[in-house]
Amino acid sequence: MNGDGLIVVDKPGGMTSHDVVARIRRLARTRRVGHGGTLDPMATGVLVIGVGRATRLLTYVIGAGKSYTATVRLGQSTVTDDAEGDVIGTTPAGALTDAAIRAAFVPLTGEIDQVPSAVSAIKINGERAYKRVRDGEQVELPARRVTVSRLDVSAIRRDTPDVVDVDIDVDCSSGTYIRALARDAGLALGVGGHLTALRRTAVGSFTLAESATLATLEQRAPEVVTLPLDTAADRYFSRRQASADEAKVLSHGGPLDPVGIAGPYAVFGPDGGLIAIVSERDGRARAEIVLAPA
């Protein structure tokens, strides 16, 4: 069995991304497993897992755009900006109009400077921000430029006194914190806000429609890879076909002549196998990573 490839997992709530990696290591019977972008334990949905040589593709997956569905609760603030943390402030939100709520999300679209949640995995002098917060330290993270290309309010619900639940659909760049969108909408409305539900529906072109649950993968083990390495690369990157001579040069790390493909792109050999991920610069097509078996 060729165990190199990607798995699109539908992560359940209550597990960390590392928990999922540990489970896949056991199922695939290999230590060489990684993930393409962390999901908080509360969150569910698309988590792209790399197995074997495909772990080297994850650097590209991590930088891909993301899509989410989420629920923002207005009227309560929490220390983590989501439902995992203690409530630190309450302000009745029942009097907010639907128009005011929708208007509060408008400035959170486009290119924005977003301050990540203090309880995040961002490192400060080598230590995760969330650990510093849990140790009692006041943490202030600098704003980061992110892009929210779509933020649609799909529903506004008033099922609980003094709070308003707002369902949103978001397409955004890598590095965007949906928790921070909830926090900032609540701040703009003067009532506080936090995230009560988050589901990632896509990472780049990988979607929930092709995802597998851990229960399903348990039944398939050890054949858990759903996108073999060659298929995954052909799906994710533009394709270049190499001649036998070019394949030999590239597989040993040598450069090829450029062909004008915007990179990075995948180069395949005459046998259909993936050789390398390549980008063109300084008049040459050079390998970023070589993936042909040694």
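Residues numbered from 1 in each chain as written. Predicted model: local features only at pLDDT ≥ 70, side-chain atom pairs only at ≥ 80, totals over all residues. Heavy atoms only, no water.

- By the naming in an unreviewed UniProt entry, the protein chain is tRNA pseudouridine synthase B, taken from Micromonospora humida.
- Regarding the protein chain, the relevant UniProt record gives this comment under Catalytic activity (unreviewed entry): "uridine(55) in tRNA = pseudouridine(55) in tRNA".
- What the UniProt record of the protein chain gives under Function (unreviewed entry) is the line "Responsible for synthesis of pseudouridine from uracil-55 in the psi GC loop of transfer RNAs." (UniProt positions renumbered as here; feature names shortened; annotations may be inferred.)

### Focus on the overall build of the protein chain
Piece 1. Per the secondary structure count, the protein chain includes 8 helices and 18 strands.
Piece 2. For the protein chain, the spread of C-alpha atoms along the principal axes amounts to about 70 × 45 × 40 Å.
Piece 3. Evaluated residue by residue, the protein chain yields a buried proportion of 45% over its 294 residues.
Piece 4. Contacts in the protein chain between residues at least 24 apart in sequence constitute 68% of all its contacts with a sequence separation of at least 6.
Piece 5. Entry remark: accessible area of the protein chain is about 13600 Å², with carbon and sulfur atoms responsible for 49%.
Piece 6. Where the 34 positive side-chain charges of the protein chain centre and where its 35 negative ones centre are 5 Å apart. (Helix = DSSP H or I, 4+ residues; strand = E, 2+ residues; numbered from the N terminus. Buried < 20%, exposed > 50% of the residue type's maximum accessible area, 1.4 Å probe, protein only. Contact = heavy atoms within 4.5 Å. Areas by Shrake-Rupley, 256 points an atom, 1.4 Å probe, with all protein chains shown as cover. Lys, Arg positive; Asp, Glu negative; His and termini not counted. Charge placed at Lys NZ, Arg CZ, Asp CG, Glu CD.)

### Thoughts on the sheet that holds strand E18 (residues 284–290)
Piece 1. Strands sit in the order E15-E16-E17-E18 across an open sheet of 4 strands; the sheet is mixed. Since the sheet does not close on itself, it has two edges, and those belong to strand E15 (238–241) and E18, each with one partner. Between one strand axis and the next, the sheet turns by 40 degrees as a mean value, whatever way the strands run.
Piece 2. The sheet strands contacting helix H7 (residues 229–236) are E15, strand E16 (265–268) and strand E17 (274–281), and the helix crosses E16 at an angle near 135 degrees. (Pairing = 2+ DSSP bridges. Axes fitted to C-alpha atoms, helices over the stretch in contact; angles between N-to-C directions.)

### Some thoughts on the environment of Gln-76
Piece 1. By the secondary structure assignment, Gln-76 is in strand E5 (residues 76–78).
Piece 2. Considering only alpha carbons, one finds Gln-76 and Thr-147, 71 residues apart in sequence, at a separation of 26 Å.
Piece 3. Every residue in contact with Gln-76, bar those within four places of it in the chain, is listed here: Val-87, Gly-89, Thr-90, Val-163, Val-191, Gly-192, Gly-193 and His-194.

### Let's talk about the nonpolar core
Taken as a class, soluble globular proteins show a tendency for nonpolar side chains to be buried jointly.
Piece 1. Counting 32 residues, the largest nonpolar core has Leu-74, Ile-101, Phe-105, Val-166, Ile-168 and Ile-178 as the members making the most contacts within it.
Piece 2. Contributing elements (two or more residues each) for this core: strand E4 (66–74), helix H3 (98–105), strand E10 (144–157), strand E11 (164–172), helix H5 (178–189) and strand E12 (193–203).
Piece 3. Counting residues in hydrophobic clusters, the runner-up holds 23 residues, among them Leu-6, Ala-64, Leu-227 and Ala-266. (Core = buried A, V, L, I, M, F, W, Y, C linked by side-chain atoms within 4.5 Å.)

### A word on the side chain of Asp-167
Piece 1. Tracing the backbone through its elements, the reader meets Asp-167 in strand E11.
Piece 2. Looking at Asp-167, the relative accessible area reads 16%, which means it is buried.
Piece 3. In terms of polar contacts, Asp-167 uses its side chain to reach the side chain of Thr-71, at 2.8 Å.
Piece 4. A polar contact is formed between the side chain of Asp-167 and the side chain of Arg-157, at a distance of 2.8 Å.
Piece 5. Excluding its chain neighbours within four sequence positions, the residues that come into contact with Asp-167 are Ala-70, Thr-71, Asp-152, Val-153, Ser-154, Ala-155 and Arg-157. (Polar contact = N/O pair within 3.5 Å; in protein donor to acceptor, adjacent residues only side chain to side chain.)

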